[in-house]
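The primary structure of each chain is shown beneath.
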Amino acid sequence: MKSICVAGTGYVGLTTGTCLADLGNRVYCVDVDAEKIERLNQGILPIYEPGLQELVQRNRRAERLLFTTDYREALAEAQFVFVAVNTPSGANGEADLRYVKACARSIAESMVRPIIIINKSTVPIGTGDWVANVVSQHLRQPIPFAVVSNPEFLREGSAVHDFLQPDRVVLGSSDQEAAAQVAQLYLPLRCPILITDLRTAEMIKYASNAFLATRISFINEIASICESLGADVKQVALGMGYDKRIGHAFLDAGLGWGGSCFPKDVRALAHMASIHGCHPQLLKAVMDINQDQRRRVVQRLRGALGTLYQKVVGVLGLSFKPNTDDMRDAPSLEVIHLLQTEGAIVKAYDPVAGPVAEKMLVDVELCASAYDTARGADALVIATEWNEFKHLDMGQIKQVMRQPVLVDGRNIYEPSLMRELGFTYIGIGRP
Ligand code: NAD
């Protein structure tokens, strides 16, 4: 049994801490948010993530998973400390490292024994060395430590599964012995473990997210061309995906990518490239295409309704993707903003993000179901492809709407079926 501290109990930290506890380690999760820790100590989770609640309960009962705001308590026995704090976008697109810095400082001031600091937060290339400097500056006594980069690839909505069954684990360090010790923690997962240097490990994370965002923007550009030329992008993506060199994943045309990672990570990579004399033209196009997806949907809605002024538009799905309550940089936010700017009255529903939406949205009527959202609406926009929306009684939905205009922002319905039902159907890249 290893003794581990995890700093930050958000989507990544809480999943990491809980899964490491489930693998038999003793884990102390530390967070600066006292309310979050108090609730976790009562067994209440701050986020919705399938399967996580049961795992937290089980490991708390076994006393392998503990929560505190006190770094000293959390680090007293720890041999490893994972940094999983937030790294949001700064004003110019750069990653804001203030939370990483505060965390590194707290670790330095509270550690009492040799430790391996493992960075899971997504951070600019070179941050590992910078963290080592911050820690050295704030150590209260000379205690040896090492820094290992261990970027996280889990997806919200399947975080527990992704942590326990990863495609790969990436570790980067100038201290290969420290990296090997971290690799031991992951051995039970039986996955490929790539050990490399710090900067390369940090870059693998950014390059992976930028590539996935590029695939989505690529298929969205193809979708626009399909719309003009009368082809069906769903079939195009299917046909492309059978090619083993291409594959089917991340080829769904729609409202574009969002969430707490892709937007900020693509921006941060482009920023890093620019300030180091590179010209990241592809990344810029990837971001532009993504913005356009939201605008185009609103344009097409305007085309269908004449004007959006005083029109009631129902938005189905608020989280940035299904199976999460995370609304950070969700496409729904931008679509709602654009609709409101044109004077539309917006109603919305999400199967789990309602409480988050209440804090984030202004002048939006939050409904209890998809049917309530459709009632009296001039148009309905599917912004997130929750499973629930794939099984709606669309006949009933049409009956309760004032005008049957359906914008299928995630291409989940069959256009011909929707037209048979009497909808004015607007998909993405579909004839
Ligand atoms: P989050 O906002 O959900 O959680 C961050 C947590 O860190 C919060 O609870 C916050 O209170 C806490 N925190 C802030 N400063 C702290 C400090 N000094 N000490 C202790 N706790 C502190 O963030 P997240 O979504 O879990 O992301 C964390 C990092 O992982 C980010 O860099 C992100 O880019 C990366 N990442 C996220 C995902 C994802 O799907 N969310 C996936 C892979 C990588």
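Residues numbered from 1 in each chain as written. Predicted model: local features only at pLDDT ≥ 70, side-chain atom pairs only at ≥ 80, totals over all residues. Heavy atoms only, no water.

## Let's talk about the sheet that holds strand β10 (residues 345-349)
- Overall, parallel pairing links the six strands, which are arranged β11-β10-β9-β12-β13-β14 in an open sheet. This sheet does not close on itself; its edge strands, each paired only once, are β11 (364-366) and β14 (424-426). Taken pair by pair, the neighbouring strands of this sheet meet at an average axis angle of 20°, ignoring direction.
- Where strand β9 (residues 312-316) meets strand β12 (residues 379-382), four bridges bridge the pair, whose relative direction is parallel. The partner of Leu316 across the bridge, within β12, is Ile382.
- Against the sheet, helix α12 (residues 281-305) engages β9, β12, β13 (405-408) and β14, with an angle of about 165° to β13. (Pairing = 2+ DSSP bridges. Helix = DSSP H or I, 4+ residues; strand = E, 2+ residues; numbered from the N terminus. Axes fitted to C-alpha atoms, helices over the stretch in contact; angles between N-to-C directions. Contact = heavy atoms within 4.5 Å.)

## Examining unusual backbone geometry
- With a phi angle near 55°, Glu63 is a residue other than glycine that sits in the positive phi range.
- Structurally, Glu63 can be placed in the loop between α3 (52-61) and β3 (65-68).
- Unusually for a residue other than glycine, Gln310 sits at a positive phi of about 65°.
- For Gln310, the location among the structural elements is in the loop between α12 and β9.
- Residue Gln310 is classed as partly exposed on the basis of its relative accessible area of 46%. (Buried < 20%, exposed > 50% of the residue type's maximum accessible area, 1.4 Å probe, protein only.)

## Side note on the site of the ligand
- Of all residues adjacent to the ligand, which total 28 residues, the nearest are Asp31, Lys36, Tyr71, Thr87 and Lys264.
- At a separation of 2.6 Å, an oxygen atom of the ligand approaches a polar side-chain atom of Lys36.
- The backbone of Thr122 places a nitrogen or oxygen atom 2.9 Å from an oxygen atom of the ligand.
- Computed on the free molecule, the ligand has an accessible area of 830 Å², of which 92% lies beneath the protein chains in the complex.
- When contributions to the shell around the ligand are tallied by element, the ones reaching two or more residues are α1 (11-22) and α5 (98-110).
- Ranked by residue count, the leading element in the shell around the ligand is α5, at three residues.
- Among the residues forming the shell around the ligand, the class breakdown is 12 nonpolar, eight polar and eight charged.
- Both of domain 1 (3-196) and domain 2 (211-426) provide at least three residues apiece to the shell around the ligand. (Near = heavy atom within 4 Å. Polar contact = N/O pair within 3.5 Å; in protein donor to acceptor, adjacent residues only side chain to side chain. Areas by Shrake-Rupley, 256 points an atom, 1.4 Å probe, with all protein chains shown as cover. Nonpolar A, V, L, I, M, F, W, Y, C, P; charged D, E, K, R; others polar. Domains from an automatic or database assignment.)

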